[in-house]
Amino acid sequence: MFNYLINLFFPKVCAGCRTILMTNETVFCTNCRHEMPLTQYYLDKDNQAVKKFYGRIEMQHASAFLYFNKKGMVQEIIHNLKYKGHEEIGTVLGNWHAEDLKELKLENPFDIIIPVPLHKKKFKERGYNQVTTFAEALSENLNIPYDTNVLYRKKYSKTQSKKNLLGRSENIESLFDVHFTEENHQKHFLIVDDVLTTGATIEACARALLKIPGAKISVICMAIAN
């Protein structure tokens, strides 16, 4: 009865279009689930995510789940996840995409999932890392260990979204570093982030992880700027 009253006065709405959800819908309405702009990049070894890193970082695999367009559905979804505290969005997207990734046939499977870390100050401001629930869902569904201790952010920085590739590279080249032991040697690290734009943040994370002997790098993002 209490839950009924809560839903009556504060109905749950779709994270994509803000319409009121039906009782059998979770986070996204049925229409938004059907209209979700899926990239299917995991099926294409030469997709646009891979091409972002040509000549920069050797990637074993790179892909993104959704297309991100300005003022589009995915921008609304990521905004709600990143700034409105709707961490359940990451869980739903992670569970969904994990079913796709089970089809991947990699010569070197992922060993450890690494979320792009926030600086402690940023984490305190926001209260959570928007990538966490997506990464945790991938970890649980794919049975791959999830680790937030290996990679860390050294410096606090403001948003990079309006900087060009050169500006980003100059600013974040030294933002990340690693804590590692011999157990981390020869591991294949899967870096997970929200939106792939220039790839500069991922590149900086990868360069830090490549300090570990024998490290291999892959990346999966929730979305890619289209």
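Residues numbered from 1 in each chain as written. Predicted model: local features only at pLDDT ≥ 70, side-chain atom pairs only at ≥ 80, totals over all residues. Heavy atoms only, no water.

Colleague: Quick question: what am I supposed to make of the overall build of the protein chain here?
Modeller: Within the protein chain one finds nine helices and six strands. The 226 residues of the protein chain split such that 48% are buried. For the protein chain, restricting intrachain contacts to residue pairs at least 6 apart in sequence, the fraction spanning at least 24 positions comes to 76%. Put simply, the protein chain shows about 12500 Å² of open surface, and 51% of that area lies on carbon and sulfur atoms. (Helix = DSSP H or I, 4+ residues; strand = E, 2+ residues; numbered from the N terminus. Buried < 20%, exposed > 50% of the residue type's maximum accessible area, 1.4 Å probe, protein only. Contact = heavy atoms within 4.5 Å. Areas by Shrake-Rupley, 256 points an atom, 1.4 Å probe, with all protein chains shown as cover.)

Colleague: Is there a simple way to explain the packing of aromatic side chains in this structure?
Modeller: When we look at a pair of aromatic rings, we describe it by the centre distance and by the angle of the planes. A full pass over the atoms with the stated rule returns two aromatic pairs. Between Y41 and Y67, the ring centres sit 5.8 Å apart and the planes meet at 90 degrees, which makes this aromatic pair edge-to-face. In this pair, Y41 is assigned in the loop between α2 (30-35) and α3 (48-51) and Y67 in strand β1 (residues 61-68), connecting sequence segments 26 residues apart. Aromatic side chains F65 and W96 sit 5.4 Å apart centroid to centroid with 80 degrees between the ring planes, which places their arrangement in the edge-to-face category. Taken together, the residues span a long stretch of sequence, with F65 in strand β1 and W96 in helix α5 (residues 88-101) at a distance of 31 residues. Residue classification places F65 among the buried positions, given a relative accessible area of 2%. Relative accessible area serves as the criterion here: at 22%, W96 is assigned to the partly exposed category. (Phe/Tyr/Trp six-rings, centres within 6.5 Å; stacked < 30°, edge-to-face > 60°.)

Colleague: Got a minute to help me understand the pairing of strand β6 (residues 216-225) in this structure?
Modeller: A large share of β6 lies buried, amounting to eight of its ten residues. Alignment of β1 against β6, held across seven bridges, turns out to be parallel. Bridging from a neighbouring strand, Y67 pairs with I224 of β6. One crossover worth recording links strand β5 (residues 188-196) to the parallel β6 by way of helix α9 (residues 200-209), and it is right-handed. (Pairing = 2+ DSSP bridges. Right-handed = clockwise from strand over helix to strand, strands pointing away.)

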